[in-house]
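# A structural walkthrough
Next come the chains, spelled out residue by residue.
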Amino acid sequence: MGYRFFLSYFFVVAVSSLASLPAAGQSPAATTAQKTVAAKASSRKTWIPPRTPDGQPDLQGIWTNPTITPFERPSEFAGKPVLTEKEAAELEERAAKSRVDGPPKEGDPGSYNQAWFDSGTKVVSTRQTSLVVNPSDGKVPLKPSAEAKRDYDLAHVTDSWEHMSVWDRCITRGVPAGMFPAGYNNSYQILQIPGYVVILYEMIHETRIIPVDGRPHLPPNVRQWNGDSRGHWEGNTLVVDTTNYNGKGWIGTSAATMRIKGIPESEALHVVERFTRVDADTIHYKVTIDDPNVYTKPWEVAIPLNREQDYRIYEYACHEGNHAVENVLSGGRAAEAAAKK
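Reading the values: rules and limits
The residue numbering used here restarts from 1 in each chain and proceeds along that chain's sequence as written. For this predicted model, a pLDDT threshold of at least 70 governs which residues receive local features, and a threshold of 80 or more governs which side-chain atom pairs are given and counted, while totals over whole chains, interfaces and linings are taken from all residues. Side-chain figures throughout are based on the complete set of non-hydrogen atoms in the structure, without hydrogens or water. Elements are defined by DSSP. Helices are runs of H or I of four residues or more, strands are runs of E of two residues or more, and each kind is numbered from the N terminus. Two residues qualify as a contact provided that any one of their heavy atoms is within 4.5 Å of a heavy atom in the partner residue. What sets the accessible areas is the Shrake-Rupley method with a 1.4 Å probe; for residues, cover comes only from the shown protein chains. For the exposure calls, accessible area comes from a 1.4 Å probe over protein chains only, and a residue counts as buried if that area is under 20% of its type's maximum, exposed if over 50%, partly exposed in between. Any Lys or Arg side-chain nitrogen located within 4 Å of an Asp or Glu carboxyl oxygen qualifies as a salt bridge. Grouping buried Ala, Val, Leu, Ile, Met, Phe, Trp, Tyr and Cys residues that are joined through side-chain atoms within 4.5 Å yields what is termed a nonpolar core. Pairing of aromatic rings covers Phe, Tyr and Trp, the last counted by its six-membered ring, and requires centre-to-centre distances within 6.5 Å; plane angles under 30 degrees mean stacked, over 60 mean edge-to-face, and any other angle means tilted. In this scheme, the term charge over a ring applies when either NZ of a lysine or CZ of an arginine sits within 6 Å of the ring centre and within 35 degrees of the ring normal. Here, patches come from residues exposed beyond 30% relative accessible area and free of salt bridges, joined within 9 Å for like charges and within 5 Å for nonpolar side chains (Val, Leu, Ile, Met, Phe, Trp, Tyr). Per-residue confidence from the predictor is given as pLDDT, running between 0 and 100. Given a helix with a known number of residues, its expected span is that number minus one, times 1.5 Å. The directions considered for the arc are those from the helix axis to the C-beta atoms. Strand pairing is assigned whenever DSSP detects at least two bridges linking the two strands.

### Side note on the overall build of the protein chain
Looking only at helices and strands, the protein chain has five helices and ten strands in total. Taking the contacts inside the protein chain whose residues are at least 6 apart along the sequence as the reference set, 63% of them involve residues at least 24 apart. Carbon and sulfur atoms form 56% of the exposed surface of the protein chain, whose accessible area is close to 18,400 Å².

### Some words on unusual backbone geometry
Residue Pro-135 is bonded to the preceding Asn-134 through a cis peptide linkage, with omega at 10°. Here Pro-135 lies in the loop between β2 (132-134) and α4 (144-155). Here the phi dihedral of Ile-204 falls at roughly 65°; this positive angle occurs in a residue that is not glycine. Within the element layout of this structure, Ile-204 appears in the loop between β4 (196-201) and β5 (206-211). Owing to a relative accessible area of 12%, Ile-204 belongs among the buried residues under this scheme.

### Side note on the pattern of salt bridges
Two side chains that carry opposite charge are able to pair once their charged atoms sit near each other. In the structure shown here, the tally under the stated rule is 15 salt bridges. Put simply, Glu-72 and Arg-259 hold a salt bridge, and the shortest N to O gap is 2.6 Å. Remark: Arg-259 occurs in the loop between β7 (237-243) and β8 (270-279) and Glu-72 occurs in the loop between β1 (61-64) and α3 (85-98); sequence separation between them is 187 residues. Under the relative-accessibility criterion, Arg-259 is labelled partly exposed at 30%.

### Looking at the nonpolar core
Nonpolar side chains in soluble globular proteins generally cluster together in the buried interior. Among the nonpolar cores identified, the biggest contains 38 residues, and Phe-71, Phe-275, Tyr-295 and Trp-299 are the most heavily contacted of them. Of all elements in the fold, only β3 (187-193), β4, β7, β8, β9 (282-290) and β10 (299-307) reach the threshold of two or more residues within this core. Residues within four places of Trp-299 in sequence aside, it is in contact with Phe-71, Val-132, Asn-134, Pro-135, Val-140, Pro-141, Ile-251, Val-287, Thr-288 and Ile-289. Among the nonpolar cores identified, the runner-up in size contains eight residues, and Cys-170, Ala-182, Met-203 and Ile-204 belong to it.

### Concerning the packing of aromatic side chains
Tallied over the entire structure, the rule returns five aromatic pairs. Here Tyr-188 and Tyr-201 contribute two aromatic rings whose centre-to-centre distance is 5.6 Å and whose plane-to-plane angle is 80°, an arrangement assigned as edge-to-face. Here Tyr-188, found in strand β3, pairs with Tyr-201, found in strand β4; they are 13 residues apart in sequence, far enough to count as distant. The class for Tyr-188 is buried, based on a relative accessible area of 2%. Members of the aromatic cluster, each reached through a chain of ring pairs, are Phe-71, Phe-180, Tyr-295 and Trp-299. Its end group placed over the ring of Trp-167, Arg-173 keeps NZ or CZ at 4.9 Å from the ring centre.

### Here we look at the side chain of Ser-130
When you line up the elements, Ser-130 lands in the loop between α3 and β2. On the accessibility criterion, Ser-130 (2% relative accessible area) is buried.

### Considering a nonpolar patch on the surface
Judged by side-chain polarity, Tyr-112, Trp-116 and Phe-117 come together as a nonpolar surface patch covering roughly 370 Å² of accessible area. Of the residues examined, Tyr-112 reaches a relative accessible area of 46% and is grouped as partly exposed.

### Observations regarding the confidence of the model for the protein chain
Counting all residues, the mean pLDDT for the protein chain is 87, and 87% of those residues have values of 70 or more. Note that residues 1-27 has pLDDT below 50 and, in this model, 15 contacts with residues that lie over four places away or in other chains.

### Concerning α3
Between its first and last C-alpha, α3 extends 20 Å over 14 residues, near the 20 Å set by a 1.5 Å rise per residue. Looking at α3, one finds that the buried residues are Ala-88, Leu-91, Glu-92 and Ala-95. Buried residues of α3, seen end-on, are gathered within an arc of 95° and therefore sit on one face of the element. The exposed residues of α3 that point more than 90 degrees off its buried face are Lys-86 and Lys-97.

### Here we look at the pairing of β3
Two strands pair when backbone bridges link them, and β1 and β3 are joined in this way by four bridges, in the antiparallel orientation. When the bridges of β3 are listed, Thr-64 appears paired with Ser-187. Bridge count between β3 and β4: six bridges; the pairing is antiparallel. Counted as the bridge partner of Ile-190 is Ile-199 from β4. Hairpin connection, β3 to β4: the antiparallel pair is bridged by two residues, and Gly-195 has positive phi, about 90°.

### Side note on the environment of Cys-170
Among the secondary structure elements, Cys-170 is positioned in the loop between α4 and β3. C-alpha separation for the pair Cys-170 and Met-203, spaced 33 residues apart in sequence, amounts to 9.9 Å. Setting aside its immediate chain neighbours within four residues, Cys-170 contacts Ile-204, Cys-318, His-319 and Asn-322.

This is the structure in structure tokens:
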């Protein structure tokens, strides 16, 4: 609960009684939910992760993160950071009922049916009401200029490939966008060798190699789509600092990131990720995103990664047979020709 009582010895008994009551404005159910989550977190502090032969905390394995927890906090849960067990069950039941295929709307060519999706059936184990955990309202602090750029690009997708998602163009899902859950292929294989941590992303079959040997970042004039990542260990936590972005990517490439899909990156983007294995089957992933050209202040996303021992990652061929860009642009030209008639 985070209470701090500055009371004398003579009021200790009274304080003990008060501490068991819900805080003002909180329901008993909400208070119980927060205590349950806190108790789980406390028990994990005593867990000691295994080590690799060279002494790194062992993060290896295949991890997944599909979830129905929304990226930003819905208005129905305004001011509520954690769900009760009942609320979580109701959301999961509601999501199950909505997973049905329906005919596309007029003029809509349609998309994948439910057989192709693997977007999760549960809220995250922490029962947080959104993946965005900071600011406290669960909303990304966007600048109006960033939203305007997103809206312009999405409105002009058929005009040029430059307005299309870097994911649709099979370039990358991005860092950290690739760690945000999507509609399918939400798995990551982590490998460790001396001096490096390697993350294989199932989506786009992308491999990220992170040095953890203390080397400095690349020179400022060297810019990359996914930036330049350098890792180090803080206790049992892998901290990955990423800079040197080329400013051409999007911070969110999946529709699951809601209004964040299409928000641009700038060369000032600075990302700090933290991977902490809290028990045998869970890595706590948290990322801080700072880009003063895009946001009014830094913001954070947190999500558990769950170990899936029997999961198999197959090659994801993106460029091969990808006619999306060609078809979208040709459709735009066809619409222009029809408008002239």
